[in-house]
Amino acid sequence: MSNTLLTELKKGDIAEIIAFAGGVAMLARLKAMGLSEGKIIKKLSDIRMGGPVILLVDRARIAIGKGMANKIIVEKQGNEEL
Amino acid sequence: MKNCKEYCAAHPKIESDILLVGHPNVGKSVLFSRITGIKTIASNYPGSTVCYMEGNTGYNNENYKIIDAPGTYSLEPVDDATRVTVSLLKNSQRIINVVDATHLERHLPLTIELIEQKKSMVIALNMSDEARHLGVDIDVKKLSARLGVPVIPTVARTGEGVKELVETVLAQPLTRESFSTALNPHPHIPRHNEYTDKSSIPAGPHMHLKRDIVWKNIYEIVESVQTLRHRHHTFRDMLEDLSVQPFWGFIVAVLSLLASFALIRLTGEFLINGSVGIFGEPWFEIPFGIEPVFEKILKPLLMKLSVMLGSGSLAHKILIGNLINGDIDFVQSFGILTSGLFIPIGAVLPYIISYYFVISLLEDTGYLPRLAVFLDSIMHRMGLHGYAIIPTLLGIGCNVPGILATRILETKQQRFITSTLISIAVPCAALQAMIIGFVGRAGLWAVAFIYATLFITWFVVGFILKYTVKGYKPELLLEIPPYRLPSFSALKDKVLGRILAFIKEAIPIVVLSVFIVNVLYMINIFDYIADFFAPLITRLWGMPRESIVPMLIGILRKDVAVGLFAPLNLTVKQLITGSVVLSMFFPCIATFVVLIKELGIVSAMKSTAIMLVVVTVVGSLINLIL
Ligand SMILES: Nc1nc2c(ncn2[C@@H]2O[C@H](COP(=O)(O)OP(=O)(O)OP(=O)(O)O)[C@@H](O)[C@H]2O)c(=O)[nH]1
Ligand SMILES: [Mg+2]
């Protein structure tokens, strides 16, 4: 399957984090939060209208601002309805 | 609160015997309270401790200093709170690493960073009750063997395991040169001791590789010690998902905010005069309240004192103040025993109680981070992100803790914007109580107008600051905690602690302000000052020149200042202008001091300059429009 952005995923989509397109500071924050390449995430929600994306990572819910979510490249692996 | 100090230095050099370190929201502060007996502020959102707390615990007739540090996800300093923790870590002898038993894998990267510090260390596997409830079983012995560090399951809320934790950490030898190689189960993967040595260097491509290896090890460890029992989707899970979905979450946000306002108003009015009702005619009333105590019990006593002192005497002037139509008026008389007691206790305290009750409830359930998610896109227009709502809401209680709480924001720029907005457009609970109680008599619409003006100012100033304050403004990145049922005793302690702090800090200053007002009136100094400010106050704002007195006293206490409006016979329009100007014009002295401490003198001056421009413009606009 091809790579997309976190913001492009639909609710319930499961994906693997492939890469980050952001700067050093953004990367440090994401890694500290346990978001690194190879991690499997599930998209729980997207507030839209400039609002954040909410993910499930290692069973924890994490909200990520829209601009940052736009810089996270993922590979979709499936969809699990909520 | 004995043996307790809260420090807010940016780079503390303080030494400690035991340091509590862990992710935000794992229960460090509750654990600290359990160990030391000191009441701390613990809330169900990441970042409730932004400063650090120091306390003591006795063991085997020895006294040990223990510090509760701000939560941190890693030892790479990405924000001010982490910087504080890293400094504290350097000067501590032993570490208690607090981890969340329900999400072990998320916490082990920090644990490993800590192990590599080679300090005496014990792991507190906290939230064991929730782990049991969620069907997460952890083989503690095996985990301890794998990490080479003792692991003690704890439930900070009930105190389970806390005694054993303290005993274990103190029984550890101080230096730990060698440690288990269990972290590296695959001999062909080299261990990376440089990992933490270079932790101050931002992650480069080289670092990623090491991090990935760390993650592989962590998953391997967790898999070998943890079993997850399958469980069904519960009601709580459903609620948790619902409140972050665009449509339902929005409904929940609006409802919770409305319910909060209603609850604050209901409780506040009930405490004041025993009436139950939100606006307009109360639904019912019972003979109860703080106001009747003042009117029926205190007033007759004070009237007797008034006669004894004689209404012309100096003592009468200072203690009782002016009689209004031959009677004491608790708002207008302005003596130390009349207004000086009534303003803080009769008018403000009930709203302080109700506000802190509601905000503490919101803090403890875990709703605030969800609210932050919904306000994120609005806050973006102001150069902030959603989490800035937490300091802002805390600022509604008192601007001082609000401005301190801006430490949960990542950069100086965001802290500057948020603090400036709080000091200009967020009136503290004391001021609001007086506005509701006093201006409210002129009509509900007047109060609504004041709030609307402040809200619009908050937004517009934020919008302008976004484009004028240059610099990195990172986006929202937030771990949303699970909903938790507030523990009654913790809630009670927290609300009580905050109320006592108000009483201790506010009442002396109120009494002092009332005293100063009387002295200044007697020596007639206000005339000169009034002349100086007259163009601004009378021409631009349309206020009588005497209103300079409340404006200046507002620097000491805003609530007292509103009381000083009472004898001026202001029109509704002037009351509105006066209240808005008072909210914005010079933060009270306490707020000003933290502003300088937190932002530095240069930024605090910039913030003050912005305030002066804003208050001049907004005051004039209201005068034009109304
Ligand atoms: N069920 C349960 N809840 C706990 C336990 N320990 C703490 N809590 C709750 O978890 C939340 C966070 O506790 P805090 O003590 O504020 O966490 P902290 O680690 O100090 O958080 P920061 O100050 O943000 O770093 C609060 O709502 C506590 O009531 C526990 O053992 N079991
Ligand atoms: Mg804490």
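All figures in this text were calculated on a predicted structure; none of them were measured in a lab.

## Concerning the interface of chain B and chain A
Opposite the 39 residues of chain B that make contact, chain A presents 39 residues. Across the interface of chain B and chain A, roughly 3300 Å² is buried in total on both sides, 55% from carbon and sulfur atoms. Summed over the shared surface of chain B and chain A, the result is four salt bridges. A salt bridge links R59(A) to E105(B); its shortest N-O distance comes to 3.3 Å. Applying the counting rule to chain B against chain A returns 20 residue pairs in polar contact (both at pLDDT 80 or more). Those elements giving two or more residues to the side of chain B that touches chain A turn out to be α3 (104-115), α8 (205-225), β9 (226-228), α9 (235-242), α14 (368-380) and β12 (477-480) of chain B. Summarising the sheet, strand β5 (residues 60-64) of chain A and β12(B) pair through four bridges and their orientation is antiparallel. What sits directly across from A63(A), in β12(B), is L478(B).

## Thoughts on the site of ligand 1
Residues and elements named next belong to chain B. Near ligand 1 there are 24 residues, and of these N25, K28, S29, G47 and T49 occur at the shortest range. One of the backbone nitrogen or oxygen atoms of A156 is found 2.9 Å away from an oxygen atom of ligand 1. Within the complex, the protein chains bury 97% of what would otherwise be the 650 Å² of accessible surface of ligand 1. Those elements giving two or more residues to the shell around ligand 1 turn out to be α1 (28-36) and α4 (128-134).

## Quick word on the coordination of the magnesium ion (ligand 2)
All names here are of chain B. The magnesium ion (ligand 2) binds to the protein through S29 (OG) and T49 (OG1); the donor distances cover 2.0 Å. Here T49 lies in the loop between α1 and β3 (52-59) and S29 lies in helix α1, a separation of 20 residues in the sequence. Taken as a pair, S29 and T49 share a single burial class, namely buried.

## Section: the environment of A63(A)
Looking at the secondary structure, you find A63(A) in strand β5. Each C-alpha atom of the pair A63(A) and L44(A) lies 9.7 Å from the other, and the pair is 19 residues apart in sequence. Discounting residues that sit within four places of it in the chain, A63(A) has contacts with V53(A), I54(A), V373(B), L476(B), L477(B), L478(B) and I480(B).

## So, the confidence of the model for chain B
Residues and elements named next belong to chain B. Scored by pLDDT, chain B comes out at a mean of 87, with 92% of its residues at no less than 70. Looking at the elements of chain B, mean pLDDT is at its lowest for helix α7 (residues 194-197), recorded as 37, and at its highest for strand β8 (residues 151-153), recorded as 97. Predicted confidence for residues 1-5 stays below pLDDT 50, and this span has 12 contacts to residues more than four positions away or in other chains. Scored below 50 in pLDDT, residues 184-209 makes 35 contacts in the model with residues more than four places away or belonging to other chains.

## Concerning the nonpolar core
Residues and elements named next belong to chain B. Y387 and F565 are the most contacted members of the largest nonpolar core, which totals 120 residues. Here this core gets 12 residues from one element, more than from any other, and that element is helix α13 (residues 339-365). With residues near it in sequence (within four places) discarded, F565 still touches F438, M543, S547, P550, L570, L575, G578, S579 and L582. Among the nonpolar cores identified, the runner-up in size contains 37 residues, and I14, L89, I123 and I138 belong to it.

## Observations concerning the pairing of strand β6 (residues 72-79) of chain A
Residues and elements named next belong to chain A. Strand direction decides the pairing type here: strand β1 (residues 3-5) and β6, joined by three bridges, are antiparallel. Following the sheet pairing, N3 is matched in β6 by E75. Two strands pair when backbone bridges link them, and strand β2 (residues 13-20) and β6 are joined in this way by seven bridges, in the antiparallel orientation. Looking at β6, one finds that I14 is bridged to G78.

## Some points on a nonpolar patch on the surface
Residue and element names in this part refer to chain B. There is a patch of nonpolar side chains on the surface, built from L314, F515, V519, M522, I523, I525 and Y528 and spanning about 670 Å² of accessible area. If one sorts the elements of the nonpolar patch by residue count, helix α20 (residues 488-522) sits on top with three residues. On the secondary structure map, F515 appears in helix α20.

## A few points about the packing of aromatic side chains
Residues and elements named next belong to chain B. One pass over the full model with this rule turns up 13 aromatic pairs over all chains. Ring centres 5.2 Å apart and planes at 90° place the aromatic pair F294 and F342 in the edge-to-face group. In this pair, F294 sits in helix α11 (residues 290-309) while F342 sits in helix α13, placing the two residues 48 residues apart along the sequence. The same class applies to F294 and to F342, which are both buried. A ring pair is formed by F585 and F586, whose centres lie 5.3 Å apart and whose planes are at 80°; its orientation type is edge-to-face.

## So, the side chain of N44(B)
Note that N44(B) resides in the loop between α1 and β3. Within the structure, the side chain of N44(B) is placed 3.0 Å from the side chain of N25(B), a separation counted as a polar contact.

## Concerning α20(B)
Residue and element names in this part refer to chain B. Its 35 residues place the ends of α20 50 Å apart at the C-alpha level, agreeing with the 51 Å of an ideal helix rising 1.5 Å per residue. Along α20, the sharpest change in direction is near 30° and occurs at A506; proline P508 comes one to four residues later. One or two residues past the end of α20 sits N524, with phi positive at roughly 60°.

## Some details on the confidence of the model for chain A
Overall, the predicted model of chain A reaches an average pLDDT of 91, with 98% of residues at or above 70. Per-element mean pLDDT across chain A ranges from 87 in helix α1 (residues 24-32) of chain A up to 96 in β5(A).

## A short note on the pattern of salt bridges
Counted by the stated rule, this structure contains 27 salt bridges over all chains. Put simply, K42(A) and E80(A) hold a salt bridge, and the shortest N to O gap is 2.8 Å. Of the two residues, K42(A) is situated in strand β3 (residues 40-46) and E80(A) in the segment after β6; the sequence distance between them amounts to 38 residues. Several salt bridges converge on common partners, so that one network encompasses R61(A), E240(B), D241(B) and R370(B).

So, how was this worked out
Residues numbered from 1 in each chain as written. Chains lettered and ligands numbered in written order. Predicted model: local features only at pLDDT ≥ 70, side-chain atom pairs only at ≥ 80, totals over all residues. Heavy atoms only, no water. Contact = heavy atoms within 4.5 Å. Buried area = accessible area lost by both parts, 1.4 Å probe. Salt bridge = Lys/Arg side-chain N within 4 Å of Asp/Glu carboxyl O. Polar contact = N/O pair within 3.5 Å; in protein donor to acceptor, adjacent residues only side chain to side chain. Helix = DSSP H or I, 4+ residues; strand = E, 2+ residues; numbered from the N terminus. Pairing = 2+ DSSP bridges. Near = heavy atom within 4 Å. Areas by Shrake-Rupley, 256 points an atom, 1.4 Å probe, with all protein chains shown as cover. Donors = N, O, S within 2.8 Å, 3.2 Å for Na, K, Ca; no water. Buried < 20%, exposed > 50% of the residue type's maximum accessible area, 1.4 Å probe, protein only. pLDDT = per-residue confidence, 0-100. Core = buried A, V, L, I, M, F, W, Y, C linked by side-chain atoms within 4.5 Å. Patch = residues over 30% accessible without salt bridge, like charges linked within 9 Å, V, L, I, M, F, W, Y side chains within 5 Å. Phe/Tyr/Trp six-rings, centres within 6.5 Å; stacked < 30°, edge-to-face > 60°. Expected span 1.5 Å × (residues − 1). Bend = angle between axes of the 7 residues up to and from the residue.

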